[in-house]
Amino acid sequence: MDFTLTPDQRDLQARAEKLGRSFADQAASWDESDDAPYRELFERVGAEGFLGIAMPTEYGGQGGGAVEYLIVVEALFRYAQSWLPPEPVFCTSGPGPSMLLLGDDAVKDKYLHDIVAGRRACNIALTEPDAGSALTHLRTTAVRDGDDFIVNGHKSFLTGSNVNDLNATFVRFDEIPGPKGIGAVVVDATVPGVEIRRGPVFIGDRGIHHGEMVLTDVRVPAENVIVGPGQFARLMTAFNLERLHNCGFWLGFSQAAYDEAAIYTQRRVAFGRPVIEFQSVYHDLADMWVQIEALRLLAYRAAASAIDGRFPRLAEVSQAKLFGATVGPQITLKAMELHGGYGPTTDFAIQRIHRDCVTNVVAGGAPAVLRNGVAAGLFPDRKFPQG
Ligand SMILES: Cc1cc2nc3c(=O)[nH]c(=O)nc-3n(C[C@H](O)[C@H](O)[C@H](O)COP(=O)(O)OP(=O)(O)OC[C@H]3O[C@@H](n4cnc5c(N)ncnc54)[C@H](O)[C@@H]3O)c2cc1C
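Residues numbered from 1 in each chain as written. Predicted model: local features only at pLDDT ≥ 70, side-chain atom pairs only at ≥ 80, totals over all residues. Heavy atoms only, no water.

Within an unreviewed UniProt entry, the label attached to the protein chain reads Butyryl-CoA dehydrogenase, and the organism entered is Mycolicibacterium pulveris. You can read under Cofactor (unreviewed entry) in the UniProt record for the protein chain the words "FAD". Quoted straight from UniProt, the Sequence similarities (unreviewed entry) entry for the protein chain says "Belongs to the acyl-CoA dehydrogenase family." (UniProt positions renumbered as here; feature names shortened; annotations may be inferred.)

Structural data, given as structure tokens:
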């Protein structure tokens, strides 16, 4: 068992850390305005060589895998103290683009070169107003009409809805019920019948929208089919990169909170001593760090054991994401407490770090649903019905 990164991976990490740091002083204004200069940010991330990090070179990607992906997003999350700089990596290399790799040459040739190069970027559109955890109950339909499919439905919480126009969209083919009917198509938001709505305003993960996409008789050519019906499990293997991205978030943001708490408690003086010298404070910092290290092991195990180095396995990545979503908000809340009364003020970054963490708890799958999956893996002979 070797836990060390290769020289190339260490170099990638150092470059991502440097890029992350360069964004740190802008994170507060992106959050406050809820209107980040995303195109500029995207181009910066591209110019520094972080697009398509885990995509094959034949599509212009950098040929990395899940480990390289995690290294980059963890460093960007931690040092930018913002969820936004990893988004261009996500949309050119994460679950959306990776789903396309499961498709035929037609869909790959049509879109992947542009996606990986950042000329167009790809959201993932699974959730619907009445089907989030209950993904297998989704209602968006794709019905065959000659060489096309006619798509109708309503997608919600679509991260990047106002900045990206391609959407790897989960649909129900030909009204086949249950998971058997579910597949995915690329929906181009610029074609007739697609309406993008602002969606709700979030308390965290601000700067670009998590909007809605309403689809009314949208004509989608058959070549845009990523995966047809009957391959739901296969489709979800690519979705596991979303869960790995979430792990990078928890890892990066937990460390950002630790960093802030470590700085503040060494500067703040109470009773004539820096507060870090109180045992309860240095014990808190020690506990935070041990939780971070445990999360790091789970997250990197999930990446290192990925199928073909690319698609994280469900059990490993679910455990890591569940642990991150459990300890992450505890760490950020504790770090905010260690800032005393200044913690919840906008004078300090920790409140934003905590708000982003709270916002992310259910994104990419609620903890309770992950627990269902972990338990099902532990007791394969038992049924744990969701309905
Ligand atoms: C910041 C953010 C970004 C997001 N970005 C995207 C995106 O880009 N694309 C996209 O498609 N979606 C996105 N989502 C949606 C996200 O994946 C869903 O919100 C999530 O899967 C939960 O679905 P829901 O909101 O419908 O909650 P519900 O399914 O209504 O669940 C509510 C609660 O009920 C409980 N629960 C539900 N089902 C079960 C069960 N079977 N067993 C036990 N408990 C259960 C859980 O406690 C759960 O938290 C995003 C969400 C957020 C917050």
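The discussion continues.
Engineer: Looking at this structure, how should I read the site of the ligand?
Structural biologist: Around the ligand, a shell composed of 22 residues is seen, among which Leu126, Thr127, Ser133, Phe157 and Gln386 lie nearest. With respect to the ligand, the backbone of isoleucine 124 contributes an N or O atom lying 2.8 Å from a nitrogen atom. Between a nitrogen atom of the ligand and a side-chain N or O atom of asparagine 372, the distance comes to 2.9 Å. In isolation the ligand has 980 Å² of accessible area, and contact with the protein removes 68% of it. Those elements giving two or more residues to the shell around the ligand turn out to be strand S1 (122–125), strand S3 (148–159) and helix H12 (367–378). Considering only residue class, the shell around the ligand consists of 11 nonpolar, 10 polar and 1 charged. Here the shell around the ligand spans two domains, since at least three of its residues come from each of domain 2 (122–229) and domain 3 (233–378). (Near = heavy atom within 4 Å. Polar contact = N/O pair within 3.5 Å; in protein donor to acceptor, adjacent residues only side chain to side chain. Areas by Shrake-Rupley, 256 points an atom, 1.4 Å probe, with all protein chains shown as cover. Helix = DSSP H or I, 4+ residues; strand = E, 2+ residues; numbered from the N terminus. Nonpolar A, V, L, I, M, F, W, Y, C, P; charged D, E, K, R; others polar. Domains from an automatic or database assignment.)

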